[in-house]
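Per-entry structural report
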Amino acid sequence: MGKYSEDARELLRLVGGKENIAAVSHCMTRMRFVLADPGKADVKAIEAMKVVKGSFTQSGQFQVIIGNTVADFYNDFVKEAGIEGVSKDAVKQAAKQNQNPLQRVITALAEIFAPLIPAIITGGLILGFRNCIDSLYLFEDGTKTLCDISQFAAGLDSFLWLIGEAVFHMLPVGICWSVTKKMGTTQMLGIVLGLTLVSGQLLNAYAVASTAAADIPKWNFGGFQVNMIGYQGQVIPAILAAFTLVYLEKFFRKITPQVISMIVVPFCSLLLSVMAAHFILGPIGWKIGAAVSSVVFAGITGTFKVVFGAVFGVVYAPLVITGLHHMSNAIDLQLIADYGGTMLWPMIALSNIAQGSAVLGMIWLQRNDPEAQEVNIPACISCYLGVTEPAIFGVNLKRVFPFVCGMIGSGIAAVICVATGTTANAIGVGGLPGILSIQPQYMLSFAVCMATALAVPFLLTAAVGKRYLQADKINNTEDMAAAAAGMGQSAAAGIVHSVMQEKAAEKTVPEKLTAFLSGKAIPLAEVGDGVFSEGIMGDGMAVIPENETLYAPADAEVAVLMPDSMHACGLKLANGMEILLHIGIDTVDMNGDGFEYLVQQGQKVRAGTPLIRFDRAKIKAAGHPDVTVCVITEQGNAQEIQFHTGKKVKENETVVADFK
């Protein structure tokens, strides 16, 4: 009988039995289920299990967080269940059965835009900075900008447009690359296709509206003509063209003999997809994109714009939970292309700020609860900086009322936002720094909206929370009184004596953890992963790496390895502390490509021993962050753990944590 056999049987029962499991796999910390009927899973009972640290559903997968012993648990589970596990890719494919057509479209959009978001945000920040130096008339009695009075600022403004143009005008290149990457076809063909959509030979998309029809250049094929129009900044034409390329390549690969496939497949696929893009799909996609953006624009600027703003402001946070919010990226980019700015994105930033302010209310309510503050404070900071998952899942949804208070504050702020016509130049950081992406003439109105999103949720949460938390305190006191009444004096004394003995037996040994990588040390709240950032696995820190070898931060035993993915390892220190080192976010999907273990399970290592060699370029090419996490999953007898973040660290030299 395995160590986790009883827990495995219990979990099997609670997920609905063997017949309810369509597929099961695991990563470094989580069991990943695809359930035939997700409604049969008893989530509350599952989360009440001692071995379970939490659960959530994402992209059709029901994920149960076990910790760094998940590999042993998984082995016992599949034995007890009498089923075979599958690969993580197979789980993802099976998970689609739990998604309706709309969810599948949303998932596809999310996967397409996820690798592009860092560049889009960077472009938005650059445009915001350019706004500050070339559009704010702050000098010489409000008649000149910084660029007008400084040649350096003017040169910088011109230089930065090089990046801004690359991000937004060349967006179709990134979209075509991302689609081919997601669909597993030739990425270089996707890049070439994208380049044909934004070629300098074509009339720039931004110049089409100001060009007379007779002056638009054309390809003349004798019997017919085709407009030579570019698709700079266009989203839907690029997506349609890219998927056409993908399915053409798959078709020709299937019917072409292997001996000539290297010639026939890329040539036919690329030629036909470029023709389809410019002859048919581009014009159609342009009209579809224009129609979508015009409908949204009409809602934001029309007679009922206040109603539109109120509804969007209220429902955006729930959309984040469902994943439907990913659609907004495409709509925002289309609005920017068609109207020179987006009024949708400012409301998104305000929703994020409102949820952070609800957490701020919880910080005030729980100011005397140090354990709660360990989650509240990092969640609030990360939310104000645009990462909402720790705030929403780690704090607000646990008690519900802060989440609702945030929604109300977001709705009020959104009403002010649309009423004042507040517009952003681009997608920016979805929190307080988002004001840099707002067009200069609307920065003051957005500041008012931000103040509303800060104040209303905080005040509502503080007011409503007093009643809720007081009720909780009364209930807890009654429960404790009832327990005490049912316990004899001797039993109570025995418990106290046992606790005192355990405390006296604890051995506190001064220890430290040295940097396991060179780079920038950051708090877990800034990692951007729901499970790690919320501290579900335990407290810790992370490093944005500059090197490609992971080192042991202390003398330890290699307790856990992941042979299939090789992206993480677990260490056990002499004082009983257990540490999880996890390279990148969602890198389990890479199936070990770019990772190499340098140690074996059970091996004793010294501080500074190389553990894993990894390829940062491959991680980024796969669309994953390479931030590396160190989580203390079990404290052992250590107390008063203090992490040192917010600074540059040197592998095997800088102390990143100390405890005793």
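Coordinates for the structure precede this section.
My aim in this report is to walk through the structure given alongside it, one point at a time. (Residues numbered from 1 in each chain as written. Predicted model: local features only at pLDDT ≥ 70, side-chain atom pairs only at ≥ 80, totals over all residues. Heavy atoms only, no water.)

**Some thoughts on the overall build of the protein chain**
Counting its regular elements, the protein chain contains 22 helices and 20 strands. In the protein chain, which comprises 660 residues, the share counted as buried stands at 49%. Taking as baseline every contact in the protein chain between residues at least 6 positions apart, the subset at least 24 positions apart corresponds to 73%. Split by element, the accessible area of the protein chain, about 30,300 Å² in all, is 60% carbon and sulfur. (Helix = DSSP H or I, 4+ residues; strand = E, 2+ residues; numbered from the N terminus. Buried < 20%, exposed > 50% of the residue type's maximum accessible area, 1.4 Å probe, protein only. Contact = heavy atoms within 4.5 Å. Areas by Shrake-Rupley, 256 points an atom, 1.4 Å probe, with all protein chains shown as cover.)

**Structural notes on a nonpolar patch on the surface**
A cluster of nonpolar side chains, contributed by Phe-221, Phe-224, Phe-267, Leu-271, Leu-272, Met-275, Phe-279, Ile-280, Ile-284, Ile-288 and Val-292, occupies part of the molecular surface with about 970 Å² of accessible area. Structurally, the position occupied by Leu-272 is in helix 12 (residues 261-301). (Patch = residues over 30% accessible without salt bridge, like charges linked within 9 Å, V, L, I, M, F, W, Y side chains within 5 Å. Salt bridge = Lys/Arg side-chain N within 4 Å of Asp/Glu carboxyl O.)

**Considering the sheet that holds strand 8 (residues 519-523)**
Spatially, the 8 strands line up as an open sheet ordered 15-11-12-13-17-9-8-19, and their pairing is antiparallel. Each edge of the open sheet is held by one strand with a lone partner, namely strand 15 (604-605) and strand 19 (647-649). With 2 bridges joining them, strand 11 (residues 556-561) and strand 15 adopt antiparallel strand pairing. Bridge pairing in strand 15 links Ala-556 to Val-605. (Pairing = 2+ DSSP bridges.)

**With respect to helix 11 (residues 236-255)**
Counted at 1.5 Å a residue, the expected span for helix 11 with its 20 residues is 28 Å, and the 29 Å between its end C-alpha atoms agrees. The complete set of buried residues in helix 11 reads Pro-237, Ala-238, Ile-239, Ala-241, Ala-242, Leu-245, Val-246, Leu-248, Glu-249 and Phe-252. (Expected span 1.5 Å × (residues − 1).)

**A few points about the packing of aromatic side chains**
In total, this model carries 12 aromatic pairs according to the counting rule given. Aromatic side chains Phe-33 and Phe-77 sit 5.4 Å apart centroid to centroid with 75 degrees between the ring planes, which places their arrangement in the edge-to-face category. Here the residue Phe-33 occupies a position in strand 2 (residues 30-35), and Phe-77 occupies one in helix 3 (residues 70-81), the gap between them amounting to 44 residues. For the pair Phe-33 and Phe-77, a shared accessibility class is recorded, and that class is buried. (Phe/Tyr/Trp six-rings, centres within 6.5 Å; stacked < 30°, edge-to-face > 60°.)

**Quick look at the pairing of strand 12 (residues 568-572)**
Of all 5 residues in strand 12, 4 are buried; the element is thus mostly enclosed. As paired elements, strand 11 and strand 12 share 4 bridges and run antiparallel to each other. Within the sheet, the bridge partner assigned to Val-558 lies in strand 12 and is Leu-571. Counting the residues between successive antiparallel strands, the hairpin from strand 11 to strand 12 contains 6 residues, one of them, Met-566, with a positive phi of roughly 55 degrees. In the sheet, strand 12 pairs with strand 13 (residues 578-583) via 5 bridges, with the strands oriented antiparallel.

**Things to note about the pattern of salt bridges**
Applying the stated criterion across every chain, the model contains 12 salt bridges. Arg-9 is the partner of Glu-80 in a salt bridge, and the nearest nitrogen-oxygen pair spans 3.2 Å. Here Glu-80 is found in helix 3, whereas its partner Arg-9 is found in helix 1 (residues 5-14), with 71 residues between them in sequence. Owing to a relative accessible area of 31%, Glu-80 belongs among the partly exposed residues under this scheme. The exposure class assigned to Arg-9 is partly exposed, which follows from its relative accessible area of 38%. The salt bridge partner of Arg-130 is Asp-157, with a shortest N-O separation of 3.3 Å.

**Section: the sheet that holds strand 18 (residues 642-643)**
Strand order in the open sheet formed by 3 strands is 7-20-18, and the pairing between neighbours is antiparallel. Looking along the sheet, the strands with just one partner apiece sit at the ends: strand 7 (511-514) and strand 18. Alignment of strand 18 against strand 20 (residues 655-659), held across 2 bridges, turns out to be antiparallel. Residue pairing across strands places Gln-642 opposite Asp-658, the latter belonging to strand 20.

**Observations concerning a negative patch on the surface**
On the surface, a cluster of negative charge is made up of Asp-369, Glu-371, Glu-374 and Asp-539. Position of Glu-371 among the secondary structure elements: in helix 16 (residues 370-384). Its relative accessible area of 63% is what places Glu-371 among the exposed residues. (Lys, Arg positive; Asp, Glu negative; His and termini not counted. Charge placed at Lys NZ, Arg CZ, Asp CG, Glu CD.)

**Observations concerning the nonpolar core**
Core analysis: the largest hydrophobic core is formed by 69 residues, its most contacted members being Phe-113, Ile-175, Val-235, Leu-333, Leu-344 and Leu-350. If one sorts the elements of this core by residue count, helix 15 (residues 345-365) sits on top with 11 residues. Once you skip the residues sitting within four places of it in the chain, Val-235 turns out to touch Phe-113, Leu-171, Ile-175, Ala-330, Leu-333 and Gln-334. Membership of the second largest hydrophobic core comes to 38 residues, among which are Ala-554, Cys-630, Ile-632 and Val-656. (Core = buried A, V, L, I, M, F, W, Y, C linked by side-chain atoms within 4.5 Å.)

So, to be careful, I would describe these as geometric facts and stop short of saying anything about function.
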